[in-house]
Each structure stands twice: as structure tokens, then as C-alpha cells.
Amino acid sequence: MLQPTAEKPHVVIIGAGFAGLEAARALDGAPVRITLIDRENFHLFQPLLYQVATAGLSPDDIAHPVRAIFRNQTNLTFHFNEVTHINLAGRSVQTLSGTLTYDYLIVAAGAIHNFFGMQSVAEHGYGMKTLSEAIAIRNHVLTMFEQAAQETDADKRRSMLTFVVVGGGPTGVESAGALSELVYKVLVKDYPALNFKDVRITLLEAGSGLLPALPPDLQEVAAATLWSKKVEVRFGAAVTSYDGEKVTLKGGEIIPGRTLVWAAGVRASGLIDQLGVRQGSLARAVVTPTLQLAGHPEVFVIGDAAHCEAGGRPLPMIALVALQQGSTAASNIWSLVYGHPLQPFVYNDLGTMATIGRNAAVAKVGWLKMKGLPAWLLWTVVHIVRLAGFRNRMFVFWKWFWDYIFYERAVRLITKQ
């Protein structure tokens, strides 16, 4: 076994999301110096952002300080900063406050919204990738009800109470289901003077089904469950523009509404565009089987920023892929340091699941297909276990338990950001 040199190699990790966090953890004890860079000082559990947006959880329930996570990891330094440029030839990373050189680089920069060139949707719609965006949705939804409670014009009131969610993937399905429960289980008690027949929640999907990673029968269960929760599900409904007051669909149909939540697409971070490397689906960097950039074996790209295929198809941009790629990238850096052969990334698909609300979820784990209460209980356990920090797990469990028993969302606050 080769021993590392006296000068420990410097590993720079860009991004403290699932992929970057897992890579940093897996390098604990390695003979390297790690610098982890993120423009936020917390790790965000993005799968539960929609619960912040629908007043189910507080922001601090799904975020945990990065420094607290790595408090006991002696080979890691955290930089609260933003990366502006990556110089592959010079092996350096430019941040807002200076330049860092690296021996090995892990790019886990994540994803950004993909509005497919529709600037009007980007300007007037609500995305859901950050805490501030989720809080903005919560503020806006609650504000619409406050304004509707005082509006005398029936058409304006119906427009205020129309909520359009775009995208039939897990984020869209879970957001629409949670919004329905917020409206019909909680807000209906807060606004007794409002006619809740004026409320309209619509889920628009440009394709022919929801949750494409699941088999057709579970897709149908998801759609039927949403309909039972008074969510109008529409297929073949592609949005072309949104001006803040009306949604225009391909074909010219117009849906009057003051709220559009965009859950229809993401793409790799803009940092990937700067690299000058081959990009695959959704602008992701094409990587080798060992997750390295071709021509730059010292650079690993993982998570939502990486185009990696299994069975001839690109892997989905989900947390499970990111976690496993973070572990593999770290393992390969251990191997590079000691001169061992690198291992290719092999994705272990542990299943797909989505919740649609109280006692309602769909899941496929291996050959097993689940729906209803069993799937919902599995989804609940998996998400609580994956949260960072004991406090977050306890608070989320308690709030979910309280909501389950009393049909009460505790975070119905309109706050200034």
C-alpha cells in the first residue's frame, strides 16, 4: 500500500447538498484537507420543501447548520461563500472572496429551475428549490386567502382562490396534495365567511401520466387520490405563459389565477455551463463511469450536476442517486490518494415513493408495490430518518403527529423576508 505524501492533498467540494455532504462525510479520516463551499450555511432537506410552502413545517425543521454537522470532523473546513468560476486547467476555484487551488475537486453544485425559455413564468410564477422560495409560496397562499376574505368582486375572488401547480413529478404531486389538505382541512376553519366552492386547485402535466418513475397502476392511484382531494388533474396541459393573473396553455386555453407553482423541470447549475465539457440531458456534465470528467481525472461531478447513465438511460435527479454518488466519489479519492484502482459507480435503486397527503402515498420498492396507509407510513419513516440532526427529526415527527391528530398546520404565518 502506498502512503500519502507529507503534504496532504487538498479536496475542494462545491455544494453542501445531499451529494456534497455525503462525499465530505465519507472522507472523514482520509489523509486529505477538505474545503466544503456553499452559499448557504445550512444543509437543506429539499424533499420536504413543499411542507414549508404549505405551512406544515418551519424552515428550521428541514435545515441544519453545516458547521454543526461537521463539528467533529477535523480534516474539513467550511467556507460560507459562492463559487463564481472553475478553472480546470489551473486547478482553481474562484469565489466571491478569493481563489482556492485544489488537488481534487468534487462538483456537487446541484440544480436550478428550468422554465424552458418561458420568461413570463420565471418572472411571475413560484419555484420551489430554496427555503426563501418555499416561504414566499406560503406567504402568498395565505395572503390570497386574506385578500379573498375582503374581496367583494366574485371573479377577482375566484382568481385569488385558484392555485395552479405545474408538473406531475413527485414535487408537483406532493405540493398539490399538501395544498389541498391545507385548504380543506385547516383554512376552511380559519375563514368561515369564505365560500370554499370558489377554491380551485389544478395540477397540470404536459405528459400523459403522473410520477413517470412508477408503474401505470400506481400512477392511476395517485391521480385518483388527488381527484378525491378536490385537485383537478389535467394531462396534455402544457403551459406557454403566465402573467401573474392568467395561465395560458398550449392551444390557447386560459386559466385565471393569481398563483402558479412551478414543479415542471430543473437543470444543472450554471457552473456546469462554464466548464466547457460535454453536457448531456438537462445541461448536466457527462462523466465517466467513475464519475470523473474526461480529460480531468482529478475532477468528480456528482448529484444533480452529473449526467450518469444506467441501462442506457440518464439517472434521475433525486436524493438517492446523489447520496450514492457522493459515497462513490469519496471512495475513489481515497483510492487515488493510495494509488488503488478506481471503482465505477453502480446505482442501487432502493425504490420510488411519493405522498399525496394524509394516509395516502404510492411506493415501489423492488418488486413490491404499495399504496395508501402502508406506503404513507413507509414514506414518513424514510423521510424522518434521512433528516439531518436529532432535533429536526423530533420536531418534524411531533408536528406531523399533531397535524395527523388535530388537522392543524402550526406555521400559518405571513412573514416578511
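Predicted, not measured: the structure shown is a model, and the values here were computed from it.

*Asks:* What should I look at first to understand the overall build of the protein chain in this one?
*Replies:* Secondary structure assignment for the protein chain yields 12 helices and 27 strands. For the protein chain, the C-alpha atoms occupy an extent of roughly 75 × 45 × 45 Å along the three principal directions. Relative to its 417 residues, the protein chain shows a buried fraction of 53%. Taking contacts inside the protein chain between residues at least 6 apart in sequence as the whole, the part at least 24 apart equals 65%. Put simply, the protein chain shows about 18700 Å² of open surface, and 56% of that area lies on carbon and sulfur atoms. Positive and negative charge centroids in the protein chain, built from 37 and 33 side chains respectively, lie 4 Å apart.

*Asks:* Looking at this structure, how should I read a nonpolar patch on the surface?
*Replies:* Judged by side-chain polarity, F397, W398, F401, W402 and I405 come together as a nonpolar surface patch covering roughly 520 Å² of accessible area. Tracing the sequence through the fold places W402 in helix α12 (residues 390-406).

*Asks:* Looking at this structure, I do not really get the nonpolar core. What am I missing?
*Replies:* Burial of nonpolar side chains together is a common tendency in soluble globular proteins. Core analysis: the largest hydrophobic core is formed by 125 residues, its most contacted members being I106, F145 and V301. Ranked by size, the runner-up nonpolar core spans 14 residues in total, among them V164, Y242, V247 and L249.

*Asks:* I tried to follow the pattern of salt bridges on my own but got confused; where do I start?
*Replies:* For side chains of opposite charge, pairing can occur when their charged atoms come near one another. For the structure shown, the criterion picks out 13 salt bridges. As a salt-bridge pair, D243 and K246 come within 2.6 Å of each other at their nearest N and O atoms. Take K246: its relative accessible area is 33%, and that puts it in the partly exposed class. Across the salt bridge formed by D273 and R267, the nearest N and O atoms sit 2.5 Å from each other.

*Asks:* Which parts of the structure should I look at to understand the confidence of the model for the protein chain?
*Replies:* The predicted coordinates should not be examined in detail at positions where pLDDT is low. In the predicted model, the protein chain carries a mean pLDDT of 94, and the fraction of residues at 70 or more is 97%. Contacts of residues 1-5 to residues separated by more than four positions or lying in other chains number eight contacts, the stretch itself having pLDDT below 50.

*Asks:* Can you walk me through the packing of helix α5 (residues 131-148) against helix α7 (residues 170-190) in this structure?
*Replies:* Helix-helix packing is characterised by the crossing angle of the two axes and by the distance between the axes. Where α5 meets α7, the axes come as close as 12 Å, and the angle between the chain directions of the two elements is 40°. Here α5 lies oblique to α7, going by the angle between them. Handedness of the α5/α7 crossing: right-handed. Judged by residue contacts, V141, L142 and F145 of α5 engage L179, L182, V183 and L187 from α7.

*Asks:* What's the story with the sheet that holds strand β8 (residues 98-101) in this structure? I'm lost.
*Replies:* Picture the strands of a sheet paired through backbone hydrogen bonds; they go either parallel or antiparallel. Here three strands make up an open sheet; going across it, the order is β6-β7-β8 and the pairing antiparallel. In the strand order of this sheet, the two ends are held by β6 (83-87) and β8, each with one partner. Here the strands of the sheet are splayed against their neighbours by 20° on average, with no regard to which way each runs. Pairing geometry for strand β7 (residues 92-95) and β8, over four bridges, is antiparallel. Bridging from a neighbouring strand, Q94 pairs with T99 of β8.

*Asks:* Explanation requested: the environment of L214 in the structure shown.
*Replies:* Mapped onto the fold, L214 is located in the loop between β12 (200-205) and α8 (216-228). The exposure class assigned to L214 is buried, which follows from its relative accessible area of 3%. As a C-alpha pair, L214 and T352 span 138 residues in sequence and 7.0 Å in three-dimensional space. Sequence-distant contacts of L214, defined by excluding residues within four places in its chain, comprise Q219, T352, V362, A363 and K364.

*Asks:* I'm lost on the packing of aromatic side chains in this one. Help?
*Replies:* Any pair of aromatic rings gets described here by the distance separating the centres and the angle formed by the planes. Counting across every chain of the model gives seven aromatic pairs. Geometrically, the ring pair formed by F115 and W262 is tilted, given 5.6 Å between the ring centres and 40° between the ring planes. On the criterion of sequence distance, the pair formed by F115 in the loop between β10 (111-113) and α4 (119-124) and W262 in strand β17 (residues 259-262) is long-range, its members being 147 residues apart. Here the two residues F115 and W262 agree in accessibility, since each one is buried. One aromatic cluster is present, built from ring pairs that chain together F145, F163, Y191 and F196.

Reading the values: the criteria
Residues numbered from 1 in each chain as written. Predicted model: local features only at pLDDT ≥ 70, side-chain atom pairs only at ≥ 80, totals over all residues. Heavy atoms only, no water. Helix = DSSP H or I, 4+ residues; strand = E, 2+ residues; numbered from the N terminus. Buried < 20%, exposed > 50% of the residue type's maximum accessible area, 1.4 Å probe, protein only. Contact = heavy atoms within 4.5 Å. Areas by Shrake-Rupley, 256 points an atom, 1.4 Å probe, with all protein chains shown as cover. Lys, Arg positive; Asp, Glu negative; His and termini not counted. Charge placed at Lys NZ, Arg CZ, Asp CG, Glu CD. Patch = residues over 30% accessible without salt bridge, like charges linked within 9 Å, V, L, I, M, F, W, Y side chains within 5 Å. Salt bridge = Lys/Arg side-chain N within 4 Å of Asp/Glu carboxyl O. Core = buried A, V, L, I, M, F, W, Y, C linked by side-chain atoms within 4.5 Å. pLDDT = per-residue confidence, 0-100. Axes fitted to C-alpha atoms, helices over the stretch in contact; angles between N-to-C directions. Parallel < 35°, antiparallel > 145°, perpendicular 65-115°, else oblique. Left-handed = near helix turned anticlockwise from the far one by under 90°. Pairing = 2+ DSSP bridges. Phe/Tyr/Trp six-rings, centres within 6.5 Å; stacked < 30°, edge-to-face > 60°.

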